[in-house]
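Observations on the model geometry
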Amino acid sequence: MPILSAQNILLRFGGPPLLDNVSFDIEAGDRICLVGRNGEGKSTLLKILTGEMEANSGDIVKKSGLRVSRMIQEIPAHMEGTVRDVVMSGVAAVTGNHDAGDSARNSHAEAILGKTGIAADALYDSLSGGQKRRVLFARAVAENPDLLLLDEPTNHLDIPAIQWLEGIVSRLECAVLFVSHDRAFVRRVATRIFELDRGRVRSWDFPYDKFVQFRDQALAEEEKANALFDKRLAEEEVWIRKGIQARRTRNEGRVRALIKMRQERAERRTRTGSVNMQITEAERSGRLVARLTDVTYSYEGAPLINGFSAEVSRGDRIGIVGPNGSGKTTLLRLILGELKPDSGEVRLGTNLQVAYFDQMRTRLREDKSLVENIGDGQAYITLNGVKRHVLSYLQDFLFSAERARGPISALSGGERNRLLLACLFSHPSNVLVLDEPTNDLDMETLDLLAELLADYKGTVLTVSHDRAFLDSVVTSIFAIEDGGNVFEAVGGYTDYENKRKIREKEKANAAKIAEEKANFKKNAQAQGRSGAENAENSANTAKKRKRSYNEEREYAALPEKIEKLEAEIAGIQAELAKPEVYTDANRIIELQKSLAEHETDLENAYNRFGELDAI
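Residues numbered from 1 in each chain as written. Predicted model: local features only at pLDDT ≥ 70, side-chain atom pairs only at ≥ 80, totals over all residues. Heavy atoms only, no water.

For the protein, the count of helices and strands is 21 helices and 20 strands. Residues classed as buried in the protein amount to 46% of the 615 residues present. Once local pairs closer than 6 in sequence are excluded, the contacts in the protein between residues at least 24 apart make up 68%. Counting every atom, the protein has about 30900 Å² of accessible surface; 48% of that belongs to carbon and sulfur. (Helix = DSSP H or I, 4+ residues; strand = E, 2+ residues; numbered from the N terminus. Buried < 20%, exposed > 50% of the residue type's maximum accessible area, 1.4 Å probe, protein only. Contact = heavy atoms within 4.5 Å. Areas by Shrake-Rupley, 256 points an atom, 1.4 Å probe, with all protein chains shown as cover.)

Printed below as a string of structure tokens:
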């Protein structure tokens, strides 16, 4: 029996219905991802489910006593109190008592508070955006709901926090309905998909990759059926317009059928088109974009960047990753010369024209319309030498003329990001700096952006926590790790993650060997001088052991094997990044299986090389 049932929900703000007789059921334990293009009404639907907004018609039928909580998409500008106060307010919302007398709920809230990894007595307003998201998630879960609604839960979270969230959500006993455009998160969490398209919700009882396969088949069939319908309608229109001879033989039933077909065609809602993006490119920069030599930068005495040296060349596509508050935006500003390092040197190249995508969207002027934000009072802009009307340009980004003349305040988060991209790409550049560009963008637009950046002839610097986006766009990673150390890895995020795991394993092995040596020395001293001499002789004998003939051959062949495996892994990841693969679920599963096998073989090869090298 469903815990919640939506029945014929209709919502209209003028024009076509935003929600057009939407119906679906949510069962206990479901983990459902609600997908759809920006502006389709996903957040609005969540508000209707919680009762924050009323539909024009339709019913929401809930199981008796059903508790529903929602984590909103936006981070509140100001909230009073500490982290504990904010999380416990979720319990108070259920019990009606801020002291939370219900001990079971209180202990549940304390447990989820502890899992955030944030000091309970820290002031909420002092936290970073990612930390605030974790606290808001904890507050929603602290209400101990039967149905948890999450609106873009991964926004502003760093990758470890997203992985933490994946684990928490996957283990929750309550039903979860969430909106997310993070493809990796959706793959790991969702067991069902709700697709909101042209006002209707279609339920798919599949995980994400299988949903993509079946959805694309359904869209192809729909397109084929529409083409046949339009062909038949055109034939009937020709028939009805024939002369007297045709009118003599006219069948009244055929006329009525034609009228019905005209009405059906008029009511058909076409699927929202794809964004048509192009970047206005400036003259080429010099080969060198930036060279950092032993750069160190601290904030309030804490090192953010520690002794980092690197060179950024024209055409590089670099992803910058790291925990929230680790200094990713600071590193961007150091590379661009906007910040002066405490020590070290930053040398900038020549003829740099930088376009900057700000994750806080400060470039957008809230008091202006979309047209005014793009054109600065001018009706036309010039893109790659071609003059374009501002309204026509905005239509490429799926903004209608009516919407383009309206205020920015009416836009959803994804639409604001699309507008910011439109602003960014309308100015000539040869260096693109994108600070969290993927927040709120729908998956289709993300795919197009990734494809556009792959073809961009300039240099790309991007901060992102979207692992799939990084794998499909960047050619190298700057990862800010503990103590402000920056590790540079060739390839996408998956390549960096594999190398990090190998480094951690090597570090753990080195620590284990050091511990064993220390224990050995301690035991030898305890046994006395004679025992120590015997142990030392035994150690020397073991140390002097040489590799056997077969081990020597294996040791000599391992570097070539490792290099070959790394190249094959890079090839598989490149194949996964191709847009045509996204719609082939079987191919994705085949490639992911092959990737996992190759990564296991690579890790075993590294381990074996370390063992033989120690002899």
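Structure's up, so let's keep going.
Turning our eyes to something else, we now look at the sheet that holds strand β4 (residues 57–62). Hydrogen bonds between backbone atoms are what pair the strands of a sheet, whose relative direction is either parallel or antiparallel. Ordered by their spatial adjacency, 3 strands build an open sheet running β2-β1-β4, and the pairing between neighbours is antiparallel. On the outer flanks of this sheet lie β2 (19–26) and β4, each paired with one strand and no other. Strand-to-strand twist in this sheet, taken as the mean axis angle between neighbours without regard to direction, amounts to 10°. (Pairing = 2+ DSSP bridges. Axes fitted to C-alpha atoms, helices over the stretch in contact; angles between N-to-C directions.)

Looking now at the confidence of the model for the protein. Per-residue confidence for the protein gives a mean pLDDT of 83, with 89% of residues at or over 70. Across the protein, the element-wise mean pLDDT spans from 51 in helix α8 (residues 244–248) up to 95 in strand β7 (residues 175–179). (pLDDT = per-residue confidence, 0-100.)

Once that is clear, we can look at the sheet that holds strand β13 (residues 343–348). Taken in spatial order, the 3 strands make up an open sheet running β11-β10-β13, and their pairing is antiparallel. Across the chains shown, the open sheet's two edge strands, defined by having one partner strand only, are β11 (302–313) and β13. Averaged over all pairs of adjacent strands, the angle between strand axes in this sheet comes to 15°, irrespective of strand direction. The pairing of strand β10 (residues 288–299) with β11 spans 8 bridges and is antiparallel. Bridge pairing in β11 links Arg291 to Glu311. Against the sheet, helix α10 (residues 328–335) contacts β10, β11 and β13, and its axis sits at roughly 135° relative to β10.

For the rest of this paragraph, the subject is helix α19 (residues 549–576). For α19, which comprises 28 residues, the first-to-last C-alpha distance of 41 Å matches the rise-based estimate of 40 Å (1.5 Å per residue) to within 8%. Roughly 35° is the biggest bend found in α19, and it falls at Leu558, with proline Pro559 one to four residues downstream. (Expected span 1.5 Å × (residues − 1). Bend = angle between axes of the 7 residues up to and from the residue.)

Any pair of aromatic rings gets described here by the distance separating the centres and the angle formed by the planes. Scanning the entire structure with this criterion turns up 10 aromatic pairs. Seen from their ring centres, Phe308 and Phe478 are 5.2 Å apart, and the 75° between their planes marks the pair as edge-to-face. You can see Phe308 sitting in strand β11 and its partner Phe478 sitting in strand β19 (residues 476–480), a full 170 residues away along the chain. Phe478 matches Phe308 in its accessibility class, with the two residues each being buried. (Phe/Tyr/Trp six-rings, centres within 6.5 Å; stacked < 30°, edge-to-face > 60°.)

When you tally the buried positions in β19, you get 5 out of 5 residues, the bulk of the element. Neither face of β19 is open: one carries Ser476, Phe478 and Ile480, the other Ile477 and Ala479, and all of them are buried. Inspection of the sheet shows strand β12 (residues 317–321) paired to β19 by 4 bridges, in the parallel sense. The residue of β19 that forms the bridge with Gly319 is Ile477. Relative to strand β20 (residues 486–490), β19 is paired through 5 bridges, and the arrangement is antiparallel. Pairing of Ser476 across the sheet is with Val490, part of β20. Count of turn residues in the β19/β20 antiparallel hairpin: 5 residues, of which Gly483 carries a positive phi of about 75°.

Here the focus is the pattern of salt bridges. As enumerated under the stated definition, the model contains 25 salt bridges in all. Here the salt bridges share partners, and the residues they tie into one network are Asp30, Arg192 and Asp205. (Salt bridge = Lys/Arg side-chain N within 4 Å of Asp/Glu carboxyl O.)

Turning next to the pairing of strand β8 (residues 192–197). With respect to burial, β8 is a largely interior element, 6 of its 6 residues being buried. Every second residue of β8 is oriented toward a common face, with Arg192, Phe194 and Leu196 on one face and Ile193, Glu195 and Asp197 on the other, all of them buried. Here 4 bridges tie strand β3 (residues 31–35) to β8, and the two strands are oriented parallel to one another. The residue of β8 that forms the bridge with Val35 is Glu195. The antiparallel pairing of β8 with strand β9 (residues 200–204) creates a hairpin that spans 2 residues between the two strands, and Arg198 there sits at a positive phi of about 55°.

Among the secondary structure elements, Val61 is positioned in strand β4. With 56 residues separating them in the primary sequence, Val61 and Ser5 have C-alpha atoms 5.0 Å apart. Those residues in contact with Val61 that lie beyond four places of it in its chain are Ile3, Leu4, Ser5 and Gln7.

A few words on the packing of helix α7 (residues 208–240) against helix α9 (residues 252–267). With their axes 10 Å apart at the nearest point, α7 and α9 run at an angle of 135° to one another. As far as their axial angle goes, α9 and α7 are oblique. Crossing handedness for the pair α7 and α9: left-handed. Here α7 contributes Phe229, Asp230, Arg232, Leu233, Glu236, Glu237, Trp239 and Ile240 to the contact with α9, which in turn contributes Arg254, Val255, Leu258, Met261, Arg262, Glu264 and Arg265. Considered class by class, the residues forming the contact of α7 with α9 number 7 nonpolar, no polar and 8 charged. (Parallel < 35°, antiparallel > 145°, perpendicular 65-115°, else oblique. Left-handed = near helix turned anticlockwise from the far one by under 90°. Nonpolar A, V, L, I, M, F, W, Y, C, P; charged D, E, K, R; others polar.)

What follows concerns unusual backbone geometry. For Asn144, which is not glycine, the phi torsion reads 50° and is therefore positive. Judged by relative accessible area, which is 30%, Asn144 ranks as partly exposed.

Moving on, we come to the side chain of Glu599. With respect to the element layout, Glu599 can be found in helix α21 (residues 585–613). Setting aside residues up to four positions removed in sequence, Glu599 forms contacts with Thr494, Asn498, Ile569 and Gln573.

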